[in-house]
Amino acid sequence: MKISFAGFILCGLMMMTKASCDGGDDATCDASSSTSCGCNANRVDVNRVASKRVSTQHHGASESATNGMVFIEGGVFTMGTDVPVFVADGEAPARRVKVHDFYMDVHEVSNADFRRFIDDTNYETEAESFGNSFVAEYYLSDDVKADIDQAVEAAPWWLPVKGADWRHPEGADSNLEGRDDHPVVHVSWNDAVAFCAWAGKRLPTEAEWEFACRSGKEDRLFPWGNKWTPRGAFYANIWDSGEFPVENGALDGFAATCPVTSFPASDFGLKNMVGNVWEWTADWWTIRHNALVLHEDPKGPEEGKDKVKKGGSFMCTKGYCYRYRCAARSQNTPDSSAHNLGFRCAADKDKRPSYLSHIEL
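Note that the structure is predicted; figures quoted are calculated from it, not measured. (Residues numbered from 1 in each chain as written. Predicted model: local features only at pLDDT ≥ 70, side-chain atom pairs only at ≥ 80, totals over all residues. Heavy atoms only, no water.)

> How would you sum up unusual backbone geometry? Please name residues and give values.
Cis geometry is adopted by the peptide bond preceding Pro93, which originates at Ala92 and carries an omega value of 0 degrees. The topology assignment puts Pro93 in the loop between β6 (75–79) and β7 (95–99). Non-glycine residue Ala250 carries a positive phi angle of around 50 degrees. Mapped onto the secondary structure, Ala250 falls in the loop between α5 (206–214) and β11 (278–284). We classify Ala250 as partly exposed; its relative accessible area is 21%. Even without glycine at this site, Asp297 takes up a positive phi of about 45 degrees. Take Asp297: it is sitting in the loop between β12 (295–296) and β13 (307–310). (Helix = DSSP H or I, 4+ residues; strand = E, 2+ residues; numbered from the N terminus. Buried < 20%, exposed > 50% of the residue type's maximum accessible area, 1.4 Å probe, protein only.)

Here is the structure:
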């Protein structure tokens, strides 16, 4: 299925399954019906190869409230699951994976952090270059919606919005006022890689990301355990109530993104590993996994069409797109961007940025 607009082609809309998740917090979901939440709508420009617009020699990241990292001691863990919710996403089979020590950003990269990168490099994001990015209709003003005549067929609320970019999350009439500490969005995989290079970091592999998400726990849905709201408390930001995609009860306190410092930290000291925004990883997408061997620091296929993203977002809901589990995954082309797509950085144990020298290990 392909949809053309403004000279670009949207493709790769894999039909996803609607989970029947009406049980308790720790219910196992049965993916039975075929539908799409639109979370992997892609932008593919077949006529152009994106140019490199920033030197990787910039290492100007300075300390801020949201760019700290934690040291994560590696180990062996069970990646994936043998009880997949979305079979087509390649969540299965469960397999044993070993990762070595690494560093992980405590928080998703914030607007303030990303602005420092832009100011230092004059980098132009791909959403700015293309002139549009994806936003759900629920978050758009009437003026912005009046100028839209295309939609994703499988998810008609998911719209290509002219002028939507990291500075204008909901289109040209929006801005970042009061959102410096919210995660940067409308950032492509290529944009995220450029930021990481400037900061002296890198994107985490999918294995590192999932290891970090699981916080040393085996067979758990979320970083903190199996119950979504233990003792009635919220630990992450999703579309938690109301009819998706037209009504959001925002019981967790947020209808869209929340500050990257929100909610309790995991046992590994990380915040918002699930919910808030999807996070890019370094890996090319595959749904073929080998459960017969121990994988050591896997990095995914050597090539591919889509990149893996993890964690779900504020648009995920248990009854429709239950992808805010540690084992869940989705994909987009490297030049795709959206209102609910961001990232956090990682670093090798022996390559931590110099400004982390104050961290006591």
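This is not the end of the story, as more comes after the structure.
> Explain the pattern of salt bridges to me, using residue names and the numbers behind them.
Applying the stated rule across the entire model yields 19 salt bridges. Linking Lys310 and Glu210 is a salt bridge whose minimum nitrogen-to-oxygen distance equals 2.8 Å. Note that Lys310 is positioned in strand β13 and Glu210 in helix α5, a separation of 100 residues in sequence. In this structure, Lys310 and Glu210 share a single accessibility class: buried. Between Lys217 and Asp267 there is a salt bridge; the shortest N-O distance is 2.8 Å. Here Asp267 lies in the loop between α5 and β11 and Lys217 lies in the loop between α5 and β11, a separation of 50 residues in the sequence. Within this structure, Glu206, Glu210, Arg214, Lys310 and Arg329 form a network of salt bridges that share partners. (Salt bridge = Lys/Arg side-chain N within 4 Å of Asp/Glu carboxyl O.)

> Lay out the nonpolar core in plain terms, naming residues and giving numbers.
Residues Met104, Phe114, Trp158, Phe195 and Phe343 are the most contacted members of the largest nonpolar core, which totals 74 residues. The element that contributes the greatest number of residues to this core is helix α4 (residues 189–199), accounting for seven residues. In this view, Phe114 contacts Val109, Thr125, Trp166, Val184, Val187, Phe195 and Phe343; residues no more than four positions away in its chain are not counted. (Core = buried A, V, L, I, M, F, W, Y, C linked by side-chain atoms within 4.5 Å. Contact = heavy atoms within 4.5 Å.)

> Please provide a residue-by-residue account of the state of the cysteines, values included.
Per the counting criterion, the structure on display carries one disulfide. Here Cys213 is linked by a disulfide to Cys326, with a sulfur-sulfur distance of 2.2 Å. When the S-S torsion is -75 degrees, as for the bridge of Cys213 with Cys326, the disulfide is left-handed. Residue Cys213 is found in helix α5, and its partner Cys326 is found in the loop between β13 and β14 (330–332); the two are separated by 113 residues along the sequence. A relative accessible area of 0% means that Cys326 is categorised as buried. Here Cys316 stays unpaired: no disulfide links it, and the sulfur of Cys321, its closest cysteine neighbor, is 4.2 Å away. (Disulfide = S-S within 2.5 Å.)

> So what about the sheet that holds strand β5 (residues 69–72)? Which residues, and what values?
On the basis of which strands lie adjacent, the open sheet formed by three strands has the order β5-β8-β16 and antiparallel pairing. At either end of the open sheet lies a strand with only one pairing partner, and these are β5 and β16 (346–348). With direction set aside, neighbouring strand axes in the sheet form an average angle of 25 degrees. Sheet topology places strand β8 (residues 102–105) next to β16; three bridges connect them, and they run antiparallel. Looking at the pairing, Phe102 lines up with Asp348 of β16. The sheet strands contacting α5 are β5, β8 and β16, and the helix crosses β8 at an angle near 70 degrees. (Pairing = 2+ DSSP bridges. Axes fitted to C-alpha atoms, helices over the stretch in contact; angles between N-to-C directions.)

> Explain α5 to me, using residue names and the numbers behind them.
Burial within α5 is extensive, with nine of its nine residues counted as buried. Glu206, Ala207, Glu208, Trp209, Glu210, Phe211, Ala212, Cys213 and Arg214 are the residues of α5 that are buried. One or two residues past the end of α5 sits Ser215, with phi positive at roughly 55 degrees.

> Let's hear about the sheet that holds β13: which residues, and what values?
As summarised here, the arrangement of the four strands in space is β14-β13-β11-β15, forming an open sheet in which the pairing is mixed. Looking at the sheet topology across the chains shown, the edges are occupied by β14 and β15 (341–342). Inspection of the sheet shows β13 paired to β14 by three bridges, in the antiparallel sense. Note that in β14 the partner of Val308 across the bridge is Gln331.

> Help me get a handle on the packing of helix α1 (residues 111–121) against α4, residues and values and all.
Remark: α1 packs on α4, axes separated minimally by 11 Å, with the N-to-C direction vectors making an angle of 80 degrees. Comparing the axis directions of α1 and α4 gives the class roughly perpendicular. Contacts from Asp113, Phe114, Arg116, Phe117, Asp120 and Thr121 of α1 reach α4 at Ala194, Phe195 and Trp198. Residue classes in the contact of α1 with α4 are distributed as five nonpolar, one polar and three charged. (Parallel < 35°, antiparallel > 145°, perpendicular 65-115°, else oblique. Nonpolar A, V, L, I, M, F, W, Y, C, P; charged D, E, K, R; others polar.)

> Tell me about the confidence of the model for the protein chain, residues and numbers included.
Summarising the model, the protein chain shows a mean pLDDT of 85, and 80% of its residues fall at 70 or more. Below pLDDT 50 for its whole length, residues 44–62 participates in 39 contacts with residues either more than four positions away or in separate chains. Confidence over residues 356–361 falls short of pLDDT 50; this stretch has eight contacts with residues more than four positions distant or in other chains. (pLDDT = per-residue confidence, 0-100.)

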